[in-house]
Amino acid sequence: MTQYLSRITNPLGIIGSASGWGAENTGTEDAPDYVYTHLQSLLSLSSDIQWAGTAYPPFKHSLKPSVSQSDSWGCVNTHNYFLSYLIKKALTNGCFPIPIGGDHSMAVSTWSTITEFFQIPKQCGLIWIDAHMDAHTPTTSHSQNLHGMPVAALLG
């Protein structure tokens, strides 16, 4: 792991993931803006921590609560594309990316971007600490919420 971390030379890059599209509770879409507002004093005091941007979905889920499942999946996909871009940009600039906020579906772009950037072999390890495993698939999930499926997606 040190071979990868030694390529990180600059500050921590906090990246907001403002999406609630993968979950029933859409409050997670507001988390990055809240955290950003409350971190301003810390960010101004340290050159070792910077706000590296926020990925927003095409539109807030709370503004359009009744959508089809395919619309939700499309918004999650689009959001993860933007999140991946910000993570790759932070890594390219030598920052250690710390994505925050958003529902668990953000894990797919987070881990796939990091492993791709560092060219980590497919047989890498990931320690996943969470209240539940997030390894559901569309056929095993009762809720069909994408936030319960990122581990299954990462496992292929």
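Please read these numbers as outputs of a predicted model, since none were measured by experiment.

Rules used throughout
- Residues numbered from 1 in each chain as written.
- Predicted model: local features only at pLDDT ≥ 70, side-chain atom pairs only at ≥ 80, totals over all residues.
- Heavy atoms only, no water.
- Helix = DSSP H or I, 4+ residues; strand = E, 2+ residues; numbered from the N terminus.
- Contact = heavy atoms within 4.5 Å.
- Salt bridge = Lys/Arg side-chain N within 4 Å of Asp/Glu carboxyl O.
- Buried < 20%, exposed > 50% of the residue type's maximum accessible area, 1.4 Å probe, protein only.
- Pairing = 2+ DSSP bridges.
- Axes fitted to C-alpha atoms, helices over the stretch in contact; angles between N-to-C directions.
- Core = buried A, V, L, I, M, F, W, Y, C linked by side-chain atoms within 4.5 Å.
- Phe/Tyr/Trp six-rings, centres within 6.5 Å; stacked < 30°, edge-to-face > 60°.

K.L.:
What is the right way to look at the environment of V108 in this model?
P.N.:
Within the element layout of this structure, V108 appears in helix α4 (residues 106-117). Expressed as a C-alpha distance, the spacing of V108 and N77, which sit 31 residues apart in the sequence, is 9.7 Å. When sequence neighbours within four positions are dropped, the list of residues in contact with V108 reads P150, A153 and L154.

K.L.:
Please explain the pattern of salt bridges as it appears in this structure.
P.N.:
Note that side chains of opposite charge can pair when their charged atoms are close. Within the structure shown, the criterion is met by 1 salt bridge. One salt bridge connects K88 with E116, and the closest N-O pair in it is separated by 3.6 Å. Of this pair, K88 sits in helix α3 (residues 69-92) while E116 is found in helix α4, placing the two residues 28 residues apart along the sequence. Judged by its relative accessible area of 34%, K88 falls in the partly exposed class.

K.L.:
Teacher, can you tell me more about unusual backbone geometry here?
P.N.:
Comment: phi is negative for the bulk of residues other than glycine, and the bulk of peptide bonds are trans. In this structure, Q119 takes a positive phi of about 55 degrees despite not being glycine. Judged by relative accessible area, which is 69%, Q119 ranks as exposed.

K.L.:
I keep staring at the sheet that holds strand β3 (residues 96-100) and nothing clicks. Help me out?
P.N.:
As a general point, the strands of a sheet are linked pairwise by backbone hydrogen bonds and lie either parallel or antiparallel. Judged by pairing direction, the sheet is parallel, and its 3 strands sit side by side in the order β2-β1-β3 without closing on themselves. Of all the strands in the sheet, just β2 (49-55) and β3 have a single pairing partner and so form its edges. Going from strand to strand, the sheet's axes swing by 25 degrees on average, the running direction of each strand aside. Where strand β1 (residues 12-17) lies against β2, 5 bridges are found, and the strand directions are parallel. Bridged to I14 within β2 is W51. Relative to the sheet, helix α2 (residues 31-45) contacts β1, β2 and β3, its axis offset from that of β2 by approximately 160 degrees.

K.L.:
How should I be thinking about the environment of A135 in this particular structure?
P.N.:
Take A135: it is sitting in the loop between α4 and α5 (150-154). On the basis of relative accessibility, which here comes to 29%, the residue A135 falls in the partly exposed class. For the pair A135 and A152, spaced 17 residues apart in sequence, the C-alpha to C-alpha distance is 4.3 Å. Every residue in contact with A135, bar those within four places of it in the chain, is listed here: G148, V151 and A152.

K.L.:
What is the right way to look at the nonpolar core in this model?
P.N.:
Across soluble globular proteins, nonpolar side chains have a tendency to be buried as a group. Grouped together as the largest cluster of nonpolar side chains are 12 residues: I15, A55, L83, L86, I87, A90, L91, C95, M106, I114, F118 and I120. Those elements that place two or more of their residues in this core are α3 and α4. Of all the elements, α3 adds the most residues to this core, at 5 residues.

K.L.:
What is the right way to read the packing of aromatic side chains from this model?
P.N.:
Each pair of aromatic rings is reported with the distance of its centres and the angle of its planes. Following the criterion strictly, the structure yields 3 aromatic pairs and no others. Note on Y36 and W51: the rings are 4.9 Å apart at their centroids and 65 degrees apart in plane angle, and the pair reads as edge-to-face. Of the two residues, Y36 is situated in helix α2 and W51 in strand β2; the sequence distance between them amounts to 15 residues. Pairing Y81 with F82 gives two aromatic rings, centres 5.7 Å apart and planes at 70 degrees, and the pair type is edge-to-face. Exposure remark for Y81: the relative accessible area of 60% places this residue in the exposed category.

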